[in-house]
Amino acid sequence: MSAQKITLLVVYVILALLALTQSGGAVGVWSLRILVLLAVVHAVEVIVFFKLCRRAGGSLVGHLLQVFLFGVLHAGELRAQAAGNPNNS
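Below or above, wherever it landed, is the structure these notes cover. Quick caveat, the model's predicted, so the values are computed rather than measured. (Residues numbered from 1 in each chain as written. Predicted model: local features only at pLDDT ≥ 70, side-chain atom pairs only at ≥ 80, totals over all residues. Heavy atoms only, no water.)

### Section: the packing of helix α2 (residues 26–48) against helix α4 (residues 60–70)
Selection rule: Between N-to-C directions, angles cover 0 to 180 degrees, with each direction set by a line fitted to C-alpha atoms, over the stretch in contact for helices. Helix and strand labels come from DSSP, where a helix needs a run of H or I of at least four residues and a strand needs a run of E of at least two; each type is numbered from the N terminus. Note on convention: the crossing is left-handed when the near helix lies turned anticlockwise from the far helix by less than a right angle, right-handed when the turn is clockwise. In what follows, residue pairs with any heavy atoms lying within 4.5 Å of each other are defined as contacts. Gly falls in the polar group here, along with every residue not listed as nonpolar (Ala, Val, Leu, Ile, Met, Phe, Trp, Tyr, Cys, Pro) or charged (Asp, Glu, Lys, Arg).
For the pair α2 and α4, interaxial distance at closest approach is 7 Å and the crossing angle is 140 degrees. The handedness of the crossing between α2 and α4 comes out as right-handed. Two secondary-structure elements touch here, α2 through Ala39, His42, Ala43, Glu45 and Val46 and α4 through Leu64, Val67, Phe68, Leu69 and Phe70. Looking at the contact of α2 with α4 residue by residue, the classes come out as eight nonpolar, one polar and one charged.

Structure below.
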């Protein structure tokens, strides 16, 4: 897993913790709004990159889950893999 993906997971965990622990305050409300916005954007990316995930081989569900979590980062890795550049994954 790339450093960029790990960083995104850490950001998601921080936002979720803030949303849960600070639910009554502005920080908690904004953390939740950001998480919901990210979920909507990444859901759209799943639809946009569905064909790319299908052509990539391997687990379609795994690729779709990674696109939902990491968006264009995973799509870029799939494109690099399709172009024959395994160093970008």
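Next, the rest of the story.
### With respect to the packing of aromatic side chains
Stated formally: Aromatic contacts are taken between Phe, Tyr and Trp rings whose centres are within 6.5 Å, Trp giving its six-membered ring; a plane angle under 30 degrees counts as stacked, one over 60 as edge-to-face, and the others as tilted. In this scheme, Lys NZ or Arg CZ marks a charge over a ring once it lies within 6 Å of the ring centre and within 35 degrees of the ring normal.
Evaluated as defined, the whole model comprises zero aromatic pairs. Against the face of tryptophan 30 rests arginine 33, its NZ or CZ located 4.8 Å from the ring centre.

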